[in-house]
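A closer look at the structure
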Amino acid sequence: MSSSKARKERGYIEIQDHGLVGNMRTAALISLDGSVESYCVPHFDSPSIFARILDKDKGGHFSIFPDCDGYSIKQAYLPSSNVRSLLMRDSLVNSITDFLPLNDSQQTKPLLFWLIRKVEVIRGKIPLRMECAPAFNYARSAHTTELLPDLSADPSNSAAEPTATTPLPDKAEFVSPDAKLSLDLRYVSEALGDFVKPPNVKLELLDLSHKGHLGPAVCSDMILEEGQAVWFVLRVPPEGTGVKRPRATKERADELGVPFAALLMGDSKLRPADDPILTTSLLNALAKATYLFWQNWIRKSTYEGSWREAVHRSALALKLLIFEPTGAIVASPTFSLPEMIGGTRNWDYRYFTSWIRDSSFTLYALIRLGFTQEAHAYMEFIFSRLQHRNADGSLQIMYTIHGGKDLEEIELTHLDGHKGSKPVRIGNGAADHLQLDIYGELLDCIYLSQKFGKPLSYDIDLVPVLISSTKYIIVNIGHREVRVQKKHFTYSKIMMWVAIDRGLRLAEKRSFPCPNRMVWYTTRDSIYEDIMTHAWNSEKKFFAQSYDDTDVLDSAVLIMPLVFFSAATDERFLSTLHHILKSPERGGLTANNLVYRYDVRKTNDGVGGDEGTFCLCEPSPWAVEALTRAGQYDNVLLQKARTMFEDFLQYTNHLGLCTEEIGQAGEGLGNAVQGFTHVTLISAAYNLSRTLSQSHG
């Protein structure tokens, strides 16, 4: 086996210094320096083939970079799209364009499940290096690598009119029997000018076993000059790709009396639709179709308020996280990125919005932006889960994107973790936790779908769902939730109130049967009084995290006015809000206009370690929304909401993407891209923009 020299050592890239491309089946996280750092195939929740962000040595990567020092980098999305472009420049300039192909709505061609990377030199002559080092099954499974003739290559790429003896370019084939997965890496050279020839590309085997890799990688050292480009295509090869077929050649074209180009086009049409001849025209057409797909999709947005660019980028990010075959939405396409560097809070969020609790807010964001098709598909997925409740009528707090319930949590002890943050986890052991708040989010989601979306049909059979959900809430009303300690959490109590309130509203507005209407009313009112009595710290004047810890603040209670449990101008809520907005040094939860979920030094959640500013779903955007609602009657609070929101936008990364959390120095922490942060950003922008407009009107 030949072995090329490996590149110099490279450490970890910061979590926030990444972009995302995807095809609504899976997504690839790509670093600022041009490396695919996280990529699961074929779906979001499949085992990774690249996970360098979790182990810089053996996690697996697919990188393209100038093989020289002293270059600067600029990373951006092409306008209104999820096609990522990377410029590296000094006196020399090259670009890298990354995308997973999508068809424009006008096309009927099958979706090609490829990862496409195009490197092009715009100015000068640049030495470049490509490394493709897959690590199958979370770097647990060995693989073989073989360089073979690419039978799907365009023969005209290596000669103007190839003959029968013209050699085909090589491709790399990676096979892992243990992972039950194969990949191949192909390439096409392109000349973009009249006086430029296609560049020469040669794949070589690369031995990375000294770093812990369980199979050979491939690399290519290229020297590209202005007007030259190379396309690299990584895919799961369709069955039969090794079958040798007759080649289009000049001799065969002369024999038939047709131009060679026409023969080549005919040859391509005879191939399987998922294994076309790899040509520059095909790849350029795929790039154009993908760009048009994203542009046409975002044009459907009905949002016309302030901060439109940030809102649309959040919408595009949210679209990337949709698993189109089922309508589910993953909380994040990444797993086990730390909430604190070196800490243990490292979770797998590649599941249906991670939690049922995210459902109503996600639906609200989609509907408010006018994306009704996605909202309807999302609701269909939720309704399908309701038909498969547990025997006692309960629901899991999360599901797989396929609707499954098996989310066994496993620790991958062989991986280093991002910057040594262990353990690396896959699966999620919280799936069977008792968290009663999910019924409030669920019924609020159903209520919103009826208020703004597609009306339910009789066959959805919602009445048993309403009855069983509210009955389950009533039966368990006094239960303490099981996390590390059994406690009456205030947030959960609020959402239990929401569950019964929305059940009543649905029954009344849609005239659904409600055989225990008075019991529901009585229970809803008793929960309300219970919260006001036991969650309120009458001495310090704030709503506490739980009935058991009335001295502990928790910004989750900011949900109160958002779900209409209380008015934002209610004296008790305003007092709580003011406490939360104080700095941690003064007993609050806010620093630099960003809000912590709670102070982990004052409450034991059983996980250990610290966390960043918990902007995952609630605090910062929720604080903005609470201030916005209170600001309808107090302009000072409204301006505070605006300042806080615009400060929050400064913590999105260079592409406008959000991580799960934000550290004290402003660094991104936790899983990226975090869908629910984008959801709450959309909601906060919508309501704040509308309120500001009304106040000026």
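Everything numeric in this text was worked out from a predicted model, so none of it was measured.

A short note on the sheet that holds strand 12 (residues 170–176)
Either a parallel or an antiparallel arrangement is found when strands of a sheet pair, and the pairing is made through backbone hydrogen bonds. In spatial order, the strands read 6-7-8-9-16-13-12-11; together these eight strands make up an open sheet with antiparallel pairing. The sheet is open, and its two edges are formed by strand 6 (72–77) and strand 11 (144–149), each paired on a single side. Sheet twist, expressed as the mean angle between neighbouring strand axes with direction ignored, is 20 degrees. Of the pairings in the sheet, the one linking strand 11 to strand 12 comprises six bridges and is antiparallel in character.

Comments concerning the nonpolar core
When a protein is soluble and globular, its nonpolar side chains tend to lie buried together. Membership of the largest hydrophobic core comes to 152 residues, with the highest contact counts inside it found for W114, L283, I531, I559 and F645. Not counting the four nearest positions on each side in its chain, L283 is found in contact with F99, W114, I116, V188, W231, V233 and L278.

Points about the packing of aromatic side chains
If you walk through the whole model with that rule in mind, you get 14 aromatic pairs. Ring geometry for W307 versus F645: centroids 4.9 Å apart, planes at 70 degrees, classification edge-to-face. Note that W307 is positioned in the loop between helix 4 (280–298) and helix 5 (308–320) and F645 in helix 15 (residues 635–649), a separation of 338 residues in sequence. Comparing W307 with F645, the two get one shared label, buried. With centroids separated by 6.4 Å and ring planes inclined at 20 degrees, the aromatic side chains of Y491 and W622 adopt a geometry described as stacked. With Y491 in helix 10 (residues 490–509) and W622 in helix 14 (residues 619–630), the pair connects residues that are 131 residues apart, well separated along the chain. Grouping residues by exposure puts Y491 and W622 together as buried. One aromatic cluster is present, built from ring pairs that chain together F361, Y491, W622 and F676. Stacked on the ring of F62, the Lys or Arg R117 has its end atom at 5.2 Å from the ring centre. If you follow R385 out to its NZ or CZ, it ends over the ring of F381, 4.5 Å from the centre.

Overview of the confidence of the model for the chain
Detailed reading of predicted coordinates is not advised where the pLDDT is low. Averaged over the chain, the pLDDT score is 85; the fraction of residues at 70 or greater is 83%. Here residues 478–483 is modelled with pLDDT under 50, and outside its nearest four sequence neighbours on either side it reaches 23 contacts, counting other chains as well. Within the model, the stretch residues 612–618 combines pLDDT values under 50 with 33 contacts to residues more than four positions away or in other chains.

Considering the packing of helix 4 against helix 5
Where helix 4 contacts helix 5, the axes come no closer than 11 Å and their chain directions differ by 120 degrees. On the basis of the axis angle, helix 4 is oblique to helix 5. The handedness of the crossing between helix 4 and helix 5 is right-handed. Facing helix 4, whose interface residues are F293, W294, W297 and I298, helix 5 presents H312, A315, L316, K319 and L320.

Some thoughts on the pairing of strand 7 (residues 84–89)
For a regular strand, side chains alternate in direction, first toward one face of the sheet and then toward the other. Alignment of strand 6 against strand 7, held across six bridges, turns out to be antiparallel. Counterpart to S72 in the pairing with strand 7 is R89. Strand direction decides the pairing type here: strand 7 and strand 8 (residues 93–99), joined by six bridges, are antiparallel. Bridged to L87 within strand 8 is S95. Two successive antiparallel strands, strand 7 and strand 8, enclose a turn made up of three residues.

Things to note about the side chain of T628
With respect to the secondary-structure elements, T628 resides in helix 14. By relative accessible area, which is 2% here, T628 ends up buried. Dropping the residues within four chain positions of it, T628 is found in contact with L638, A641, N687, L688 and T691.

As for the pattern of salt bridges
Per the stated rule, a full pass over the model turns up 27 salt bridges. When the shortest N-O distance is used, the salt bridge between R25 and E324 registers 2.8 Å. Here the residue R25 occupies a position in the loop between strand 1 (18–22) and strand 2 (27–31), and E324 occupies one in the loop between strand 17 (322–323) and strand 18 (328–329), the gap between them amounting to 299 residues. The salt bridge involving R235 is made with D275; its shortest N-O contact spans 2.9 Å. Taken together, the residues R235 in strand 16 (residues 228–235) and D275 in the loop between helix 3 (260–270) and helix 4 connect sequence positions 40 residues apart. Residue classification places R235 among the buried positions, given a relative accessible area of 2%. With relative accessibility at 2%, the residue D275 sits in the buried group. Connected through salt bridges with shared partners, the residues D444, D501, R502, R505, R524 and D525 form a single ionic network.

Some words on the environment of A499
Within the element layout of this structure, A499 appears in helix 10. Given the relative accessible area of 0%, A499 is considered buried. Sequence separation of A499 and D437 is 62 residues, and the distance between their C-alpha atoms is 8.3 Å.

A few points about unusual backbone geometry
Most peptide bonds are trans, and most residues other than glycine sit at a negative phi. In this structure, P423 follows K422 across a cis peptide bond, with omega equal to 0 degrees. A cis amide bond links A672 with the next residue in sequence, V673, at an omega value of 0 degrees. As for its position among the elements, V673 is in the loop between strand 30 (668–672) and helix 16 (675–696). The backbone of A139 sits at a positive phi, close to 65 degrees, despite the residue not being glycine. Along the polypeptide, A139 turns up in helix 1 (residues 136–139). Residue classification places A139 among the buried positions, given a relative accessible area of 11%.

What counts and what doesn't
- Residues numbered from 1 in each chain as written.
- Predicted model: local features only at pLDDT ≥ 70, side-chain atom pairs only at ≥ 80, totals over all residues.
- Heavy atoms only, no water.
- Pairing = 2+ DSSP bridges.
- Helix = DSSP H or I, 4+ residues; strand = E, 2+ residues; numbered from the N terminus.
- Axes fitted to C-alpha atoms, helices over the stretch in contact; angles between N-to-C directions.
- Core = buried A, V, L, I, M, F, W, Y, C linked by side-chain atoms within 4.5 Å.
- Buried < 20%, exposed > 50% of the residue type's maximum accessible area, 1.4 Å probe, protein only.
- Contact = heavy atoms within 4.5 Å.
- Phe/Tyr/Trp six-rings, centres within 6.5 Å; stacked < 30°, edge-to-face > 60°.
- Lys NZ or Arg CZ within 6 Å of the ring centre and 35° of its normal.
- pLDDT = per-residue confidence, 0-100.
- Parallel < 35°, antiparallel > 145°, perpendicular 65-115°, else oblique.
- Left-handed = near helix turned anticlockwise from the far one by under 90°.
- Salt bridge = Lys/Arg side-chain N within 4 Å of Asp/Glu carboxyl O.

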